[in-house]
Amino acid sequence: MLFGCIYVPDFPVQAALRLESKAQPVALFDGPDSLLKIVASNKPARRAGVSIGMTKLQAEACGVSLRKRVQEHEDSAQIALLDCAYTFSPRLESTVPGTLVTNLTGTERLLGMGETVGLKMAALCRSTGFEVNIGIAANPDTAICAARGFAGITIIAPGEEGKRLGSLPIRVLEPASEIMDVLDAWGIRTFKHLAVLPSVALTERLGQYGLHLQRLAQGAIERELVPAELPTAFQERTELEETVELLEPLAFILNRLLEQLMDRLVDRSLATDHIELVLSLEVHPDHDVKAATPAASTTALHERTIKLPVPTQDAKVLLRLLQLDLAAHPPAAPVKAITITAIPARLRLTQTGLFQPLSPEPALLEITMARIRAVVGEQDTAGRSRVGFPTVLDSHRPDCFHVAAQGIQPKTTSQPSSCLALRLFRPALPARVELSAEQAPVWMAFQRRKARVVDASGPWRGGGSWWDATGDWLRDEWDVHINVDGAPGLYRIFRDLRTGQWFVEGMYD
Amino acid sequence: MPSIAIIRSQVEARIPGALSVYQRPEQEVFSTGIPALDTQIGGIPKSALTQICAAPAISSGKTTLLTSLLAQVTQAEQHCAVVDASDSFSPASAAAMNVCLSRLLWVRCSSSSRLKPVEQAFKAADVLVQNGGFGIIAIDLGNIEETQIRKIPLTTWFRFARVVEKTPTALVVLMAYPAAQSCAALTLHVGQSNPHWTGTAKSSHTQILSDVQFDFEIGRTRTRKPVQNANARFTARPRWA
């Protein structure tokens, strides 16, 4: 058996600093507002004098960057680590936050032996934003101790567990504080000292827990991994220390969250075609000073959804779409927290050909359409999109169409046919029409023009939706030939039989 | 005394092509699908600007010509875009002419926006040209008054012509007046129509429009040798004829 352990030193700090420089001294504080204390720090911060348990004020004097501990950061970081580990083996255990163990048995031919697989694991974790220690051993607990105790990549061959772990301090085992005190009083400082103690005597004094610690120090515990369940939801959330009012700084945070999401999707060979953005807004209701009501701020939500025609793994495309969408629909108040959820989808792989006809890149086209929507608007008064691919609906109603973001490929192709095209007026132009004794148009006037009807064809009656009180239509259509400025104009006019009004629908052009 | 051949070789060694005539590569074209028109103009040139000019209120055949062109290109599995400044494009009419609507991006400019429809059309066309990947980008300014067309600065046309020059896209503009001037590789004037009716005029119900003949004139072309005052016509039949 072969197990690999991924251990993230100073996990809370690394979770807070994902995709940021790890060299900066950072400490995290938490607790009630009256007593904020340092709960985690990184090495540069410890070097600057920060220690766990310090008050926030004391830590501020050390000149380090202080941040509030956010549980969501640690949760999402642990999920990202799980995704990383999953690429090496599906059999994995999420031991504690910041520590994962994977069963690498049988992957030697695929991933390589010993240090090779360790280097791959470290590189993948680094690309996800974590500096990690890797331990590889024949049992899970030895791998955990090796990763926690030694920096970098440590490989322990079977049978050498006790010897290799011997130099590690007892605190690596993280024993209960009273046990630690007892061992300290006995002068037991390292794994080696604990491993050589007589087992029976140790059990008599420290119980089964003491024996368990000794077996851990010997590297002799064989156990099965507790399988971790991979999260099916791809969600990233962050709460901001200061509210954000402008879209530009908001874009920086969105970019970070999207990159994290895309990294996780890439690790699972997935993509997304559906992004849900929820912005928690800080809304301050009007405060009545005279009534002396306490100042209260309520949080409202601003929700936006982005749908793409094809799944993508490109965070930049999604960021641009979100930016355009937020520019068109800006939040009404400063943003306090951001949640982005990606609905996973299978990546669509298509082989492009040398002789394939010209077509726009689907992801770029989506951005292009969003940019054009920002110029021409989103929808007309009938609720139809202003930008997209038109589809003629299966209806006899005139000018009945739908505009979709994605074109629906026809099942069959047909030869182009050259026939007379109709040019529409939207909405139809009101007209005045004089009728002959045979009820045929003889004169018509519209748009400050009056012309005699040279030829007319009609009436062609059409109607529908008579069962629907609001959507019913009934009309008589005519094709008329008039002379406009001495040149022929062929128009389609109609009379709405419900109101008796005449309209010019379009021109044969 | 060196001979001319020696001087020529010495010059060409230092400045290649200095003494040879530049051969412009033959321009690729899209067929309009109207044989009478293709015979005269060869087709709509790719990587260039084409302007189709006609008066707004008369039946001139400009929409028939554009829709026929879109049908040809979309049926060849290429994507096209129509920037419709006056929202006058009819999907049903285009579908009847076998335009593949799933490959036709339609931009419907709005009259209620803070920008004028012409400004919206040019902004949208700019974005589309930058995106690339379209066989035809058509800007339909057919219903826009000539006074507004004349206000479009020549630099705008020049910029569009230069941008599409490096792409395989044909930029086609329908408008009332040939505003692009020398920036256009092809200028086509479509004008008078001659409608034919069948049946008796006495009873309007028995009379139907059978076909319409449209006259066109080539104003300017770079693809072929200019044909002065070449009048020609093409015929279009309505769906029911």
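Residues numbered from 1 in each chain as written. Chains lettered and ligands numbered in written order. Predicted model: local features only at pLDDT ≥ 70, side-chain atom pairs only at ≥ 80, totals over all residues. Heavy atoms only, no water.

1. Describing the overall build of chain A
So, point 1. For chain A, the helix and strand inventory stands at 14 helices and 20 strands.
So, point 2. Against the 2.2 N^0.38 benchmark of 23 Å for 509 residues, chain A shows a C-alpha radius of gyration of 35 Å, more extended than a compact globule.
So, point 3. Projected onto its principal axes, the C-alpha coordinates of chain A cover approximately 125 × 70 × 40 Å.
So, point 4. Looking at the 509 residues of chain A, the share that counts as buried comes to 48%.
So, point 5. Look at the contacts in chain A between residues 6 or more apart in sequence, and 57% of them connect residues 24 or more apart. (Helix = DSSP H or I, 4+ residues; strand = E, 2+ residues; numbered from the N terminus. Rg over C-alpha atoms; globule rule 2.2 N^0.38 Å. Buried < 20%, exposed > 50% of the residue type's maximum accessible area, 1.4 Å probe, protein only. Contact = heavy atoms within 4.5 Å.)

2. Remarks on the pairing of strand S4 (residues 79–84) of chain B
Residues and elements named next belong to chain B.
So, point 1. Counting buried residues along S4, six of its six residues qualify, which places the element largely inside the surrounding structure.
So, point 2. Here S4 shows no split at all, with His79, Ala81 and Val83 on one side and Cys80, Val82 and Asp84 on the other all buried.
So, point 3. Here S4 runs beside strand S6 (residues 134–140); their pairing, made up of six bridges, is parallel. Within S6, the position partnered with Val82 by the bridge is Ala138.
So, point 4. Note that S4 and strand S5 (residues 104–108) share five bridges and pair parallel. Bridge assignment links Ala81 to a residue of S5, and that residue is Leu105. (Pairing = 2+ DSSP bridges.)

3. Observations regarding the nonpolar core
So, point 1. Of all hydrophobic cores here, the largest spans 45 residues; its most connected members are Leu70, Leu104, Ile136, Val172 and Leu188 of chain B.
So, point 2. Among the elements that line this core, the one with the most residues is helix H3 (residues 62–75) of chain B, at six residues.
So, point 3. In this structure, Val172 of chain B is in contact with Ile44, Thr50, Ile52, Leu66, Leu69, Ile136, Ile137, Ala138 and Ile139 of chain B, ignoring residues within four places of it in sequence.
So, point 4. Membership of the second largest hydrophobic core comes to 41 residues, among which are Val376 and Val387 of chain A together with Leu49 and Ala125 of chain B. (Core = buried A, V, L, I, M, F, W, Y, C linked by side-chain atoms within 4.5 Å.)

4. Structural notes on the interface of chain A and chain B
So, point 1. Facing 63 residues of chain A, the contacting portion of chain B comprises 76 residues.
So, point 2. Taken together, both faces of the contact between chain A and chain B bury some 5900 Å²; the carbon and sulfur share is 57%.
So, point 3. Contact with chain B buries area across many residues of chain A, yet Leu358, Arg423 and Asp509 of chain A alone supply 12% of it, more than any other trio.
So, point 4. Where chain A meets chain B, there are four salt bridges.
So, point 5. Of the charged contacts, one joins Asp509 of chain A and Lys62 of chain B as a salt bridge, the two residues approaching to 3.1 Å between their closest N and O atoms. (Buried area = accessible area lost by both parts, 1.4 Å probe. Salt bridge = Lys/Arg side-chain N within 4 Å of Asp/Glu carboxyl O.)

5. Concerning unusual backbone geometry
Residue and element names in this part refer to chain A.
So, point 1. Following Arg426, the chain continues to Pro427 via a peptide bond in cis, the omega torsion being -5 degrees.
So, point 2. Mapped onto the secondary structure, Pro427 falls in strand S15 (residues 422–435).
So, point 3. The step from Gly458 to Pro459 runs through a cis peptide bond, and the omega angle for that step is -5 degrees.
So, point 4. The phi torsion at Gln439 lies on the positive side, around 65 degrees, for a residue other than glycine.
So, point 5. Locating Gln439 in the fold gives a position in the loop between S15 and strand S16 (441–446).
So, point 6. Even without glycine at this site, Asp485 takes up a positive phi of about 50 degrees.
So, point 7. Taking the relative accessible area as the measure of exposure, Asp485 reaches 73% and is therefore exposed.

6. With respect to the sheet that holds strand S6 (residues 99–103) of chain A
All names here are of chain A.
So, point 1. The sheet built from five strands is open, its strands ordered S5-S6-S1-S7-S8 with mixed pairing. Strand pairing shows two members of the sheet lacking a second neighbour, strand S5 (92–96) and strand S8 (153–155), which therefore form its edges. Taken over all neighbouring pairs, the strand axes of this sheet differ in orientation by 15 degrees on average, direction set aside.
So, point 2. Direction of pairing for S5 relative to S6: antiparallel, over a ladder of four bridges. Residue pairing across strands places Leu92 opposite Thr102, the latter belonging to S6. (Axes fitted to C-alpha atoms, helices over the stretch in contact; angles between N-to-C directions.)

7. Comments concerning a nonpolar patch on the surface
So, point 1. A contiguous nonpolar surface patch, about 320 Å² in accessible area, is contributed by Ile7, Val11, Ile15 and Leu19 of chain B.
So, point 2. For Ile15 of chain B, the location among the structural elements is in the loop between helix H1 (4–14) and strand S1 (29–30). (Patch = residues over 30% accessible without salt bridge, like charges linked within 9 Å, V, L, I, M, F, W, Y side chains within 5 Å. Areas by Shrake-Rupley, 256 points an atom, 1.4 Å probe, with all protein chains shown as cover.)

8. Some words on the pattern of salt bridges
So, point 1. Summed over all chains, the structure comprises 37 salt bridges over all chains.
So, point 2. Measuring nitrogen to oxygen at the nearest pair gives 3.7 Å for the salt bridge that ties Arg126 of chain A to Glu131 of chain A.
So, point 3. Across the pair Asp380 of chain A and Arg384 of chain A runs a salt bridge whose closest N-O atoms are separated by 3.4 Å.
So, point 4. Assessed through its relative accessible area of 12%, Asp380 of chain A is described here as buried.
So, point 5. The network of salt bridges with common partners includes Asp380, Arg384, Asp399 and Arg426 of chain A together with Asp87 and Arg108 of chain B.

Geometry only, nothing functional implied.
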